Amino acid sequence: MGGCFSKPKPVEVKVEVVLPEKEEMSPNGKASPLAYKANGTSRHFHLEERPITLNPYPKAKDVVEASVCHVKELENGQMREVDLGCGKALLIKQNGEYYAMGHKCPHYGAPLVKGVLSRGRIRCPWHGACFSIGTGDIEDFPGLDGLPKFQVKIEKERVYIRASKQALQSQRRTKVMAKCITLSNYNTSITNVLIIGAGPAGLLCAETLRQEGFSDRIVMCTMEKYLPYDRPKLSKSMDSQPDQIALRSKEFFHTYDIEVLMDMQVVSVDAKSKVAVFKDGFKMEYNKLLIATGNTPKTLACKGKEIDNVFTLRTPEDANWAVRLASGKNAVIVGASFLGMEVAAYLCEKAHSVSVVELEDIPFKRFLGEKVGRAIMKMFENHRIKFYMQTEVSELREQEGKLKEVVLKSGKVLRADVCVIGIGASPTTGFLKQSGITIDSRGFIPVNKMMQSNVPGVFAAGDVVTFPLALRNNKRVNVPHWQMAHIQGRIAALNMLAQGTEISTIPYLWTAMFGKSIRYAGHGEGFDDVIVQGDLDELKFVAFYTRSDEVIAVASMNYDPIVSKVAEVMASGKTIRKRDVETGDMSWLTGKGL
């Protein structure tokens, strides 16, 4: 950060380490059955039956044991990446106890040693996923899997780790899940749980139900012809093929009896009679319902909007076609949104020219503020991307049925062989109009902290909801981001099982352009000041978004793990004051431990 600053009062954050409870086992060695009331009758089911083994590594050949350090080499609150010869592990010391687990975040492979250790968990430095140091389980998202956990022992003042070679290689652990016990005798048009939408919210809901031992029928349906995939990659890596970005394999869904109906659109729901009607007339009865249909991209309303080579980015085909058409040609991006700017950055090397058209005067101004927005705009201009600001498209012109020019309201005419529209999206909830499920004036489904709609047994999650955000005094907000969809899908599942779990997560998002990432945590809507530390010209900065005297969000570039650190402080319930960040002394955030 440079320079000398007077030290502000440190922010006090109490560190609590919650030791994990052992998995409850019933006397016969199986997990205790959980009772689940379905249609008023109590059902019992078991987690996938498996014998108890005292040795967690039955195949001796798969086990490696290595001395990794002297006991005095690690202080409390420290983490270290250690090599076991056939793979690495993360060694942690907290409150005098040693823990060892996978060293890479299962989401995108971030080195967890560079993350944040606090309150008995590690937060990933890149995208904010959290893992329990006691169990390795994922506690906040993005991502689907937890970390493998390894045995630690101390002998003659040396620390030894005993680990499965397979786990060292995979660096991920999928939780034990139940299967469906009623599949052989069900009626195809009746399901216990129906999930409309197959994004992260829908997938997490299905997986959580199975992880919690739910063994009745689960059906997910999607309008798309693919199994759930990593949609944020469509704008960041536009060449991606569906199988490369699939979140789970076909075998996974088959193994855990999660049925996915593809190319199936629900056109109406009757919440009273608990029936969903599909476009082809097929009807399905359900007991519990999750609506996780996401957003539909907005389109242009001008003349020529139907011309070929004009895209909204919704599917892998859209992204693949846009790249192919832009190669060596002229690309115009309408909208300096996250999606629009990511597409512009990706096409920069491939297209002959890239132009961005935007109604505002600075990209990201409302979201990241003027100073940060200008710095990002300059980075884009340095990569030969042209901006046409404070104007919009008045007409798209064709030649032989294909796009030729984009005419702006300012009178400027841009040559264009391909046009990508990134002007925002609206919630996909039109099919619920006569359902009895409340939808607000903007089309969102209001839910409570348990993701419950106004109708008992009907839950909603992801981009379609507004919910009370604890961080902002339970202000009702819509946070249409990848991480939030994950956690909301999980919370919905837990409450389908009547666990009474409330959402309390800190929103965390990122954008990647030209190999650089901006990370963001909190909810900055309505900020009245931005305090920037670092160097915007060098693109190495931290920006704190404040409202009156409170920090409500933070963004950074080239300053990991500061956003994860702030997210942990916020998650602990501590308020960060404006004065804490104004002086420029960041020792309270950059020091180890919280």
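Throughout this document, residue positions are counted from 1 along each chain, in the order its sequence is written. Where local features are concerned, this predicted model is filtered to residues with pLDDT of at least 70; where side-chain atom pairs are given and counted, the filter is 80 or more; whole-chain, interface and lining totals use all residues. As a rule here, side-chain values come from all non-hydrogen atoms in the structure, and water together with hydrogens is ignored.

Where an unreviewed UniProt entry is consulted, the chain appears under the name Apoptosis-inducing factor 3, with the organism given as Microcaecilia unicolor. UniProt positions are given in the numbering used here, feature names are shortened, and annotations may be inferred rather than shown by experiment. Regarding the chain, the UniProt comment filed under Function (unreviewed entry) reads as follows: "Induces apoptosis through a caspase dependent pathway. Reduces mitochondrial membrane potential." Per UniProt, the comment on the chain under Subcellular location (unreviewed entry) is "Mitochondrion".

Take the sheet that holds strand β7 (residues 116–118) next. Reading across the sheet, the four strands line up as β7-β8-β9-β10 and stay open at both edges, with antiparallel pairing between neighbours. One side of each edge strand has no neighbouring strand; the edge strands of this open sheet are β7 and β10 (138–140). Across the sheet, the axes of successive neighbouring strands diverge by a mean angle of 30 degrees, strand direction being ignored. Pairing between strands is defined by DSSP: at least two bridges between them are needed. Here a strand is any run of E in DSSP of at least two residues, a helix any run of H or I of at least four, and the numbering for each starts at the N terminus. Here strand β8 (residues 121–123) runs beside strand β9 (residues 130–132); their pairing, made up of three bridges, is antiparallel. Its bridge partner being in β9, I122 is matched across the sheet by F131. Helix α10 (residues 562–571) rests against β7, β8 and β9 of the sheet, and its axis sits at about 135 degrees to β8. Note on definitions: angles span 0 to 180 degrees between N-to-C directions of axes, and those axes are lines fitted to C-alpha atoms, for helices only across the stretch in contact. A contact between two residues is defined here by any heavy atoms of the two lying within 4.5 Å.

Turning next to the pairing of strand β28 (residues 418–421). Both faces of the sheet carry side chains from a regular strand, because those side chains alternate between them. Here's how the labels work: a residue is buried when its accessible area is under 20% of the maximum for its type, exposed when over 50%, partly exposed in between, all with a 1.4 Å probe on protein chains only. Side-chain alternation along β28 places V418 and V420 on one buried face and C419 and I421 on a second face that is also buried. Summarising the sheet, strand β21 (residues 310–312) and β28 pair through three bridges and their orientation is parallel. Note that in β28 the partner of V310 across the bridge is C419. The pairing of strand β22 (residues 330–334) with β28 spans four bridges and is classified as parallel. Along β28, the bridge assignment pairs V334 with I421.

A separate point is the environment of G373. By secondary structure assignment, the location of G373 is in helix α8 (residues 370–382). By relative accessible area, which is 0% here, G373 ends up buried. Each C-alpha atom of the pair G373 and D361 lies 9.7 Å from the other, and the pair is twelve residues apart in sequence. Here G373 is in contact with I362 and P363, once residues within four sequence places are set aside.

Think of it this way: a Phe, Tyr or Trp ring, Trp meaning its six-membered ring, pairs with another when their centres are within 6.5 Å, and the plane angle makes it stacked under 30 degrees, edge-to-face over 60, tilted otherwise. Scanning the entire structure with this criterion turns up twelve aromatic pairs. Measuring from ring centre to ring centre gives 6.4 Å for Y108 and W510, while their planes differ by 85 degrees; the resulting arrangement is edge-to-face. Of this pair, Y108 sits in the loop between β6 (97–101) and β7 while W510 sits in strand β34 (residues 508–513), and the two are 402 residues apart along the sequence. Residue class for W510 comes out buried when judged on its relative accessible area of 9%.

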